[in-house]
Amino acid sequence: MNTLTFMLSLSLTLSTALTTLNFWLAQTNPDSEKLSPYECGFDPLGSARLPFSIRFFLVAILFLLFDLEIALLLPLPWATQLQHPITTLTWTITIITLLTLGLIYEWTQGGLEWAE
């Protein structure tokens with residue numbers, strides 16, 4: 001327990017010191033050249049701060065959810081060799097069911113439709 005306390009206090013102290021040092025030593029003198037958008041050496045043709053469709057964000061979140069599902073289900077073949085594989089299979093079916101219901105909900109709400 002003493003080692004754990006030491007490591008936690010050391011990491012907290014080090015991160016606080018480095019963050020303070022960064023704020024203290026950082027040079028914040030932006031000029032117009034640094035604040036302008038860079039487009040391969042050409043003058044910008046339009047605004048670089050254009051809004052994007054929220055549908056791209058939705059697709060990215062759905063991708064992360066299903067990627068997480070795959071990460072959770074990868075150890076399944078090894079987990080079935082445990083003493084009680086029924087518990088593992090129950091949790092697996094629960095995860096797949098919840099994600100499938102979420103996908104069906106998104107699909108019925110029109111969240112996956114690109115054309116409006």
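Residues numbered from 1 in each chain as written. Predicted model: local features only at pLDDT ≥ 70, side-chain atom pairs only at ≥ 80, totals over all residues. Heavy atoms only, no water.

1. Considering the environment of Leu103
Spelled out, the test is: Put simply, DSSP marks the helices as runs of H or I at least four residues long and the strands as runs of E at least two long, and each gets a number from the N terminus on. Only protein chains enter the accessibility calculation, which uses a 1.4 Å probe. A residue is then buried if its area is under 20% of the maximum for its type, exposed if over 50%, and partly exposed in between.
For Leu103, the location among the structural elements is in helix α5 (residues 85–109). Owing to a relative accessible area of 27%, Leu103 belongs among the partly exposed residues under this scheme. Residues Leu103 and Phe66 lie 37 residues apart in sequence; the distance between their C-alpha atoms is 9.6 Å.

2. Here's the deal with α5
Here is the rule we go by: Here, expected helix span is obtained from the residue count minus one, scaled by 1.5 Å.
Its 25 residues give α5 an end-to-end C-alpha distance of 36 Å, which sits within 8% of 36 Å, the value for a rise of 1.5 Å per residue. Those residues of α5 that fall on the buried side of the exposure criterion are Thr88, Thr92, Leu99 and Glu106.

3. Looking at the UniProt feature "transmembrane region" (unreviewed entry) in the protein
Note the following rule: UniProt positions are given in the numbering used here, feature names are shortened, and annotations may be inferred rather than shown by experiment.
According to UniProt, the positions carrying the feature "transmembrane region" (unreviewed entry) are residues 52–74 and 86–105. Segment residues 52–74 splits into 87% helix and 0% strand. End C-alpha atoms: 34 Å apart. Structurally, residues 86–105 comprises 100% helix and 0% strand, and the distance from its first C-alpha atom to its last is 28 Å.

4. Notes on the packing of helix α3 (residues 54–73) against α5
The condition is simple: Each axis is a line fitted through C-alpha atoms, taken for helices only over the stretch in contact, and angles between the N-to-C directions span 0 to 180 degrees. Each angle gets one of four labels, with under 35 degrees taken as roughly parallel, over 145 as roughly antiparallel, 65 to 115 as roughly perpendicular, and the rest as oblique. Take the far helix as your reference; a near helix turned counterclockwise from it by less than a right angle gives a left-handed crossing, and one turned clockwise gives a right-handed crossing. Should any heavy atoms of two residues lie within 4.5 Å, those residues are counted as being in contact. Throughout, the ten residues Ala, Val, Leu, Ile, Met, Phe, Trp, Tyr, Cys and Pro are labelled nonpolar, Asp, Glu, Lys and Arg are labelled charged, and all others, Gly among them, are labelled polar.
Running from N to C, α3 and α5 point in directions that differ by 165°, and their axes come no closer than 11 Å. Classified by the angle between their axes, α3 and α5 sit roughly antiparallel to one another. With respect to the hand of their crossing, α3 and α5 are arranged in left-handed fashion. For the pair α3 and α5, contact is made by Leu58, Leu62, Leu65, Phe66, Glu69, Leu72 and Leu73 and by Thr92, Ile95, Ile96, Leu99, Leu103 and Glu106, respectively. Looking at the contact of α3 with α5 residue by residue, the class counts come to ten nonpolar, one polar and two charged.

5. A closer look at the confidence of the model for the protein
Note the threshold: pLDDT: the predictor's confidence for each residue, scored from 0 to 100.
Mean pLDDT over the protein stands at 82; residues scoring 70 or higher make up 86%. Per-element confidence in the protein ranges from a low mean pLDDT of 74 for helix α2 (residues 32–35) to a high of 94 for helix α1 (residues 2–25).

6. Structural notes on a nonpolar patch on the surface
We apply this condition: Within this analysis, patches are made of residues with over 30% relative accessible area and no salt bridge. Like charges are joined at 9 Å or less; nonpolar side chains (Val, Leu, Ile, Met, Phe, Trp, Tyr) at 5 Å or less. Surface accessibility follows the Shrake-Rupley procedure with a 1.4 Å probe radius. Residue values consider only the protein chains on display as shielding. What counts as a salt bridge is simple: a side-chain nitrogen of Lys or Arg found within 4 Å of a carboxyl oxygen of Asp or Glu.
Together, Phe52, Ile54, Phe56, Phe57, Val59, Ile61, Phe63, Leu64, Leu65 and Trp114 line one region of the surface with nonpolar side chains, adding up to about 1100 Å² of accessible area. Topologically, Ile61 is positioned in helix α3.

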